[in-house]
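# Structural description and commentary
Chain by chain, the residues:
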Amino acid sequence: AAYQGENTEDAEEILEMNLSENFPTPDIVYFLDITPEEAKERRANRGGKKEAFDDEENQERIYANYLSVLPEEAIFVDATQNLDTIVSFCLEDINTRM
C-alpha cells in the first residue's frame, strides 16, 4: 500500500480494500525506520543502477504512506543502526513475545 498509493489516502484505501477481501493481518509489524534523506545516502553508497522508486519525491511519498498506514502497535526500529543490532533487537523481541 505504501508503494502503490499515490498519497496517504490512497494507501489507506488499499489497506481497507485488502481487509475487506480478508487478507491476513500480521501479528507483529516491525518498521525499519529510515528517513528518505538517510535512504538516499545509502543508495548513493551502494552503487548500481537507479531503481524506479529511488527519486526523492517517491521516497517522501512512500515514507509518508508508511507512517499513515502502520498499525498503532507497530514497532519502530532505528534502521540507521548496523544490521547485527537490528536483527538482534527483532529476534530478542520475538523471543520475548513467545
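Structure: above.
What you are looking at is a predicted structure, and each value in this text was computed from that prediction instead of being measured.

### Topic: the side chain of D93
- Residue position: D93 is located in helix α4 (residues 83-97).
- Residue D93 is classed as buried on the basis of its relative accessible area of 16%.
- For D93, the side chain forms a polar contact with the side chain of Y30, separated by 2.6 Å.
- For D93, the residues in contact, after removing those within four places along its chain, are Y30 and I75.

### Re a negative patch on the surface
- Negative charge collects at one region of the surface, where E37, E38, E41, E60 and D78 lie side by side.
- When its relative accessible area of 38% is taken as the criterion, E60 is described as partly exposed.

### Regarding the layout of surface pockets
- By volume, the largest pocket amounts to about 570 Å³.
- Taken together, 24 residues make up the lining of the largest pocket; nearest its centre are L15, P26, V29, V69 and P71.
- Elements supplying a minimum of two residues to the lining of the largest pocket: α1 (8-20) and α3 (56-69).
- Looking at which element gives the most residues to the lining of the largest pocket, the answer is α1, with five residues.

### Examining the pattern of salt bridges
- Applying the stated criterion across every chain yields a total of five salt bridges.
- Between E56 and K40 there is a salt bridge, and its shortest N-O distance comes to 2.7 Å. Residue E56 is located in helix α3, and its partner K40 is located in helix α2 (residues 36-46); the two are separated by 16 residues in the primary sequence.
- Overall, E56 belongs to the exposed group, its relative accessible area being 51%.
- When its relative accessible area of 41% is taken as the criterion, K40 is described as partly exposed.
- As a salt-bridge pair, D54 and R43 come within 3.5 Å of each other at their nearest N and O atoms. Of this pair, D54 sits in the loop between α2 and α3 while R43 sits in helix α2, and the two are eleven residues apart along the sequence. Of the two residues, D54 and R43, neither departs from the other in class, the shared state being buried.
- Through salt bridges with shared partners, a single network forms among R43, R46, E51 and D54.

Basis of the calculations
Residues numbered from 1 in each chain as written. Predicted model: local features only at pLDDT ≥ 70, side-chain atom pairs only at ≥ 80, totals over all residues. Heavy atoms only, no water. Helix = DSSP H or I, 4+ residues; strand = E, 2+ residues; numbered from the N terminus. Buried < 20%, exposed > 50% of the residue type's maximum accessible area, 1.4 Å probe, protein only. Polar contact = N/O pair within 3.5 Å; in protein donor to acceptor, adjacent residues only side chain to side chain. Contact = heavy atoms within 4.5 Å. Patch = residues over 30% accessible without salt bridge, like charges linked within 9 Å, V, L, I, M, F, W, Y side chains within 5 Å. Areas by Shrake-Rupley, 256 points an atom, 1.4 Å probe, with all protein chains shown as cover. Salt bridge = Lys/Arg side-chain N within 4 Å of Asp/Glu carboxyl O. Lys, Arg positive; Asp, Glu negative; His and termini not counted. Charge placed at Lys NZ, Arg CZ, Asp CG, Glu CD. 1 Å grid on protein atoms, 1.4 Å probe; cavity = no way out; pocket = protein on both sides within 12 Å on 5 of 7 lines; lining within 4 Å. Points joined across faces, edges and corners; volume = space filled by probe spheres on them.

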